[in-house]
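# Descriptive structure summary
Spelled out from the first residue to the last, the chains are:
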Amino acid sequence: MVFSLQRAKSNSEVRKKPSPSGPIAAALARWYLLSRCAAASCEVPGSEADEGNAVVARRIYLAADLGASSGRWLAGLFDGERLGLEEVHRFPNGGVRVGPRLHWDLLGQWSHLLDGLRRASSEYAEIRSVGVDTWGVDYGLITNDGELLGNPYHYRDARTSGMMEAAFQVMPREEIFRRTGLQFLPFNTLFQLLAAKSSPLLEVADRLLMMPDLFHWLLSGEQVNEFTDASTTQCLSAEERRWDTELLERFGIPTRLFGPIAMPGTVLGPLLPEVQRETGLGDVQVVLPGTHDTASAVAAVPTEQPLSEHPDWCYISSGTWSLMGVEVPRPVINDKTLALNFTNEGGVGGSVRLLKNIAGLWLVQECRRIWSLRGTEYSWERLVEMAQEAPPHRSLVDPDDPSFLAPDDMPAAIADYCRSTDQPVPENEGQIIRTALESLALRYRQVFGWLEELTGQKMQTIHVVGGGTKNRLLSQMTADACGVPVVAGPVEATAIGNVLMQAVASGDICGIGEARAVIRSSFDLETFEPRETQRWEEASQRWETLIGRGTQS
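Below, the discussion takes up unusual backbone geometry. With an omega dihedral of 0 degrees, the bond running from Gly-489 to Pro-490 counts as a cis peptide bond. Relative to the helices and strands, Pro-490 resides in the loop between β20 (486-488) and α18 (493-506). Positive phi is not limited to glycine here, since Gln-234 has a value of about 65 degrees. For Glu-532, which is not a glycine, the phi torsion comes out positive at approximately 50 degrees. Relative to the assigned elements, Glu-532 resides in the loop between β21 (526-528) and α20 (533-547).

If you want it as structure tokens, here you go:
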């Protein structure tokens, strides 16, 4: 599907008002850029119009957004006021099982990225820059002469089982958290590296590159570790924003693997000559967005509030995972944050994302996949319809229970959980989906309360961005459960944040505040007001009793 400026009226994700053309329009656009950037001392791009035949300059940026199940190239088309998106290329993604191990198919992903660049070169006359974002924690190893040492492991691979406990024997949990500010998840890069010590690869390798770093290396030839993705490793000093070499040495992990940290907005240089020849693109710049997809998604939250130590809004980046948190200027590292297992990850514009990972729509996605394997294909819309028809709050689960991390049969896992907790077992697909969605909304409510405790501030609004915003039932449930308005949108938040950081790097937009203003003027947002809060209050009491009040999961 193409999200284009011309089709904005029929697509809620992209809006575009008619623009004037000719010399007057060019003058207005030039005046807009000058007046907008003067106060911020931004570089104003030169006009792309020939004298006497001027047109409004349209900046084109390419964003590669790779998720756990699919990847795509999107083109961001910026006219100086509004942003439009066009999908250029989409491809499937996912783990590849090789014997007992689960890997990413890096070469296959790279081939798909090249396909997308070829398509873009044939569809757009001039492209300003490209940037890639992906999930966090996973990495690849390369040698000094540029050889990739195997395919990167998938974060759901079982090799990290028991590694957290082993790590705590070397360095106490409290000290690791004090240094890194990161929540403890079994697949964090630190624990993956501890699992890799039994392999000779760490001794042979010269450099560790996170997944988006690998793609930027293949595009530009530059080997850097972008800050937001590096912050997911549990190897970075949260306070000093550098690799924690003392921690790495304590664990016997070679420090030479870790390269220079580069911030979002860094221009790496042009595409490699061989990439230019392969794709037909010219001297296009490679720019680092917030390469961790959540960093890019949060950059696209359409808030009007400035960065603050006491924010009155929080976000949910909703997809396979739900990342729920606040944006603050510095890490929040204390006993409470540790006890609740929150994380401090790098954001764009000098921010820190204080957040918690939640299972998200993984449960629903896996149920749909299992039913498809059994011969029944349900659209997402039909699943929501069936959930709406099911009785409310009949059965509840903890979406972050370990039994849901990677079960062979998610519907059976949900049924088993209900059975083991003496609840009614869901009897059909609608009841299963309703159980998953209501439980997720109640998990949001719990984390919402913890965010208020950690910031000392009452939250007035929840911004939900990402693909999960298409599930209007979940957005309404979230408003009901948390008792505050939910502002849903934009859907393509990750790609939008990626594109806008490239625009900031180019000087076309003056900072994150202005980028968010562009989002508010470019994309439709929907607000869900809370209702039926008393019923959700009662359900919350049941749910907390079920999972154990004050759980640290």
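Here we take up the packing of aromatic side chains. The full count for this structure, using the stated rule, is 10 aromatic pairs. Taking 5.4 Å as the distance between ring centres and 75 degrees as the angle between the ring planes, the aromatic pair formed by Phe-168 and Phe-184 counts as edge-to-face. A residue pair is termed long-range when its members are at least 10 positions apart, and Phe-168 in helix α3 (residues 163-170) and Phe-184 in the loop between α4 (173-180) and α5 (189-196) qualify at 16 residues. Residue classification places Phe-168 among the partly exposed positions, given a relative accessible area of 24%. Pairing Trp-243 with Phe-258 gives two aromatic rings, centres 4.7 Å apart and planes at 55 degrees, and the pair type is tilted. With a gap of 15 residues between them, Trp-243 in strand β11 (residues 242-243) and Phe-258 in the loop between α9 (245-250) and β12 (261-262) connect regions that are remote in the sequence. Under the relative-accessibility criterion, Trp-243 is labelled buried at 8%. Of the aromatic side chains, those joined through ring pairs into one cluster are Trp-104, Trp-135, Tyr-155, Phe-187 and Trp-321. Directly above the aromatic system of Trp-362 lies the positively charged group of Arg-156, at a separation of 3.9 Å from the ring centroid. Positioned above the aromatic ring of Trp-380, the side-chain terminus of Arg-368 is 4.1 Å from the ring centre.

Among the structural elements, Leu-117 can be located in helix α2 (residues 106-123). With a relative accessible area of 0%, Leu-117 lands in the buried category. Sequence separation of Leu-117 and Leu-281 is 164 residues, and the distance between their C-alpha atoms is 7.5 Å. Excluding anything up to four places from it in sequence, Leu-117 contacts Leu-62, Trp-73, Val-130, Leu-219, Val-275, Thr-279 and Leu-281.

Let us look at the side chain of Ser-317. Mapped onto the elements, Ser-317 comes out in strand β15 (residues 313-318). On the basis of relative accessibility, which here comes to 9%, the residue Ser-317 falls in the buried class. Leave out the neighbours within four places in its chain, and Ser-317 touches Thr-294, Ala-297, Ser-322, Leu-323 and Val-465.

Moving on to the environment of Arg-250. Turning to its location among the elements, Arg-250 is positioned in helix α9. For Arg-250, a relative accessible area of 36% gives the class partly exposed. Between the C-alpha atoms of Arg-250 and Ala-167, which are 83 residues apart in sequence, the distance is 10.0 Å. Non-local contacts of Arg-250, meaning those with residues more than four positions away in its chain, are made with Val-170, Met-171 and Glu-175.

Now for the pairing of strand β4 (residues 95-98). Direction of pairing for β4 relative to strand β5 (residues 101-104): antiparallel, over a ladder of four bridges. Bridging from a neighbouring strand, Arg-97 pairs with Leu-102 of β5. Hairpin connection from β4 to β5: two residues lie between these consecutive antiparallel strands, with Gly-99 at a positive phi of about 60 degrees.

Another aspect to go through is the nonpolar core. With 69 residues, the main nonpolar core has Leu-62, Val-130 and Leu-219 as its most contacted residues. Excluding residues within four positions of it along the chain, Val-130 makes contact with Leu-62, Trp-73, Leu-117, Leu-219, Leu-271, Val-284, Gln-285, Val-286, Val-287 and Gln-502.

As summarised here, the arrangement of the six strands in space is β3-β2-β1-β6-β14-β13, forming an open sheet in which the pairing is mixed. One side of each edge strand has no neighbouring strand; the edge strands of this open sheet are β3 (83-92) and β13 (267-270). Ignoring strand direction, the axes of neighbouring strands in this sheet form an average angle of 20 degrees. The pairing of strand β2 (residues 70-78) with β3 spans nine bridges and is antiparallel.

Okay, the packing of helix α16 (residues 429-455) against helix α17 (residues 472-482) next. Running from N to C, α16 and α17 point in directions that differ by 40 degrees, and their axes come no closer than 9 Å. Classed by the angle they form, the pair α16 and α17 counts as oblique. Note that α16 runs across α17; the crossing there is right-handed. On α17, the residues that touch Arg-434, Leu-437, Glu-438, Leu-440, Ala-441, Tyr-444, Arg-445 and Phe-448 of α16 are Leu-473, Leu-474, Met-477, Thr-478, Ala-481 and Cys-482. Its residues placed into classes, the contact of α16 with α17 shows 10 nonpolar, one polar and three charged.

Okay, the pattern of salt bridges next. In the structure shown here, the tally under the stated rule is 31 salt bridges. Among the salt bridges present, the one from Arg-179 reaches Asp-244, with a minimum N-O distance of 3.0 Å. Taken together, the residues Arg-179 in helix α4 and Asp-244 in the loop between β11 and α9 connect sequence positions 65 residues apart. No difference in accessibility class separates Arg-179 from Asp-244, as the two residues are buried.

This paragraph deals with the sheet that holds strand β18 (residues 352-358). Strand order in the open sheet formed by seven strands is β17-β18-β16-β15-β19-β20-β21, with mixed pairing between adjacent strands. The open sheet is flanked by β17 (343-346) and β21, the only strands paired with a single partner. Geometrically, the sheet is characterised by an average inter-axis angle of 30 degrees between neighbouring strands, direction not taken into account. Sheet topology note: the strand β19 (residues 461-465)/β20 ladder contains three bridges and is parallel. Bridging across to β20, Ile-462 finds its partner in Val-486.

Overall, the coordinates contain zero disulfides when judged by the stated rule. The cysteine Cys-314 is free of any disulfide, with Cys-482 supplying the nearest cysteine sulfur at 7.2 Å. Overall, the relative accessible area of 0% leaves Cys-314 in the buried class.

The complete set of buried residues in α3 reads Met-163, Met-164 and Ala-167. Each buried residue of α3 sits inside an arc of 100 degrees when the element is viewed along its axis, so together they form one side. Contacts made by the buried residues of α3 are with α5.

Parameters and conventions
- Residues numbered from 1 in each chain as written.
- Predicted model: local features only at pLDDT ≥ 70, side-chain atom pairs only at ≥ 80, totals over all residues.
- Heavy atoms only, no water.
- Helix = DSSP H or I, 4+ residues; strand = E, 2+ residues; numbered from the N terminus.
- Phe/Tyr/Trp six-rings, centres within 6.5 Å; stacked < 30°, edge-to-face > 60°.
- Buried < 20%, exposed > 50% of the residue type's maximum accessible area, 1.4 Å probe, protein only.
- Lys NZ or Arg CZ within 6 Å of the ring centre and 35° of its normal.
- Contact = heavy atoms within 4.5 Å.
- Pairing = 2+ DSSP bridges.
- Core = buried A, V, L, I, M, F, W, Y, C linked by side-chain atoms within 4.5 Å.
- Axes fitted to C-alpha atoms, helices over the stretch in contact; angles between N-to-C directions.
- Parallel < 35°, antiparallel > 145°, perpendicular 65-115°, else oblique.
- Left-handed = near helix turned anticlockwise from the far one by under 90°.
- Nonpolar A, V, L, I, M, F, W, Y, C, P; charged D, E, K, R; others polar.
- Salt bridge = Lys/Arg side-chain N within 4 Å of Asp/Glu carboxyl O.
- Disulfide = S-S within 2.5 Å.
- Arc of directions from axis to C-beta.

None of this, on its own, says anything about what the molecule does.
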